[in-house]
Amino acid sequence: MPHTETPGTGTARLRWWSELPIILVVYACYSAGRLIVRGDVSDAVDHGLAILRIEKALYLNAEHPLNRLFTREPWLGIPADFWYASLHYLLTPALLVWLFRSHAAHYRAARTWLMTSTFIGLIGFTLLPTCPPRLLDAGHGFVDTMAHYSSYGWWGGEASAPRGLGGMTNQYAAMPSLHVGWALWCGVILWRYGRTRWTRAAAVGYPLITTIVVMGTANHYFLDAAAGAAVMGAGFLLAPVVTRYADRARARLLPRTAPVAADSAGSRSPIVSAGCQTSAGERFPRQRHPESRYRSGTEPGASPSDAGEGAPAPAR
């Protein structure tokens, strides 16, 4: 992980009621960014076609065969559509909750990594609106499986949003693929903190299957998936920097108060010895309480020389 904390330090102050608003704000920014920054449709189509040309030059063409397979085989296409439409909204927050409850010392670093990467992805949506394969002209050979199998799910023919709400989403936010990015984050978390064979298998299988799903459903290009992985790598590297700046901002907004050490004797009297050491029977340096002098064997009328430090003890 990019940053770890020892138990009892920063993580001890984390509470779910303070974490929940942070996560909701980040998700609101994610949704608003996808909605507001729509970009020009012609530019988005040009970017999508440019990606296809780049992939053709690199001899990459995983999207077409996968899309044909998912369209031809409903037993693959329908589960893939459900996978694409729901799983990243369910598994990602579930892993955050699991980390918070079971691995609190590592929660903050993982949460910061995920949120930093999400914001980087929003920058990509803003600067590079991209038309997904399913929205290209039919002559390019792609079938929108979400629309093809829409009668089997809650989504409509426009997007993976619920029926009638397709217009509330930015369908040209394809580059990078945060479906793949979040799945990769989940895989790393499961691999690092899972303790069973099943969690290790899920750590490998979940991001791999998600990558296949986003291409087979014609929602993303292969380069979108690669960009999603790159965004998570950038977020991984930047998360410690974000954590440091967040700590500095918190220190300025919430200055620490130095704890007051309690007096072991419970006394609140001022210190008047000016740093001099006093014994148990002294109120001032070299000045004993009268009773302590009686106990040492001196009389009230004895001369200072008789009661001096060098005087021998009285005979018993």
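The paragraphs below set out a description of the structure included in this document. (Residues numbered from 1 in each chain as written. Predicted model: local features only at pLDDT ≥ 70, side-chain atom pairs only at ≥ 80, totals over all residues. Heavy atoms only, no water.)

1. Details of the overall build of the protein chain
Next up, step 1: When helices and strands are tallied, the protein chain shows 10 helices and two strands.
Next up, step 2: The linear arrangement of helices and strands in the protein chain, starting from the amino end, is α-α-α-α-α-α-α-α-α-β-β-α.
Next up, step 3: Looking at the 316 residues of the protein chain, the share that counts as buried comes to 38%.
Next up, step 4: Put simply, 79% of the contacts in the protein chain that link residues at least 6 apart link residues at least 24 apart. (Helix = DSSP H or I, 4+ residues; strand = E, 2+ residues; numbered from the N terminus. Buried < 20%, exposed > 50% of the residue type's maximum accessible area, 1.4 Å probe, protein only. Contact = heavy atoms within 4.5 Å.)

2. Brief notes about unusual backbone geometry
Next up, step 1: Cis peptide bonds are those with omega within 30 degrees of zero, and the linkage from Met 175 to Pro 176 qualifies with 0 degrees.
Next up, step 2: By the element assignment, Pro 176 lies in the loop between helix 6 (145–148) and helix 7 (178–193).
Next up, step 3: At Ala 218, a position not held by glycine, the phi torsion is positive, near 65 degrees.
Next up, step 4: Position of Ala 218 among the secondary structure elements: in the loop between helix 8 (197–216) and helix 9 (222–253).
Next up, step 5: According to the relative accessible area criterion, Ala 218 is buried, its value standing at 0%.

3. Re the pattern of salt bridges
Next up, step 1: Within this structure, the stated rule accounts for three salt bridges.
Next up, step 2: Residue Glu 73 is joined to Arg 72 by a salt bridge in which the shortest nitrogen-to-oxygen separation is 3.9 Å.
Next up, step 3: In this structure, Asp 247 engages Arg 108 in a salt bridge whose closest nitrogen and oxygen atoms are separated by 2.6 Å. Placement of the pair is Asp 247 in helix 9 and Arg 108 in helix 5 (residues 104–127), with a sequence separation of 139 residues.
Next up, step 4: Residue Arg 108 is classed as buried on the basis of its relative accessible area, which comes to 8%. (Salt bridge = Lys/Arg side-chain N within 4 Å of Asp/Glu carboxyl O.)

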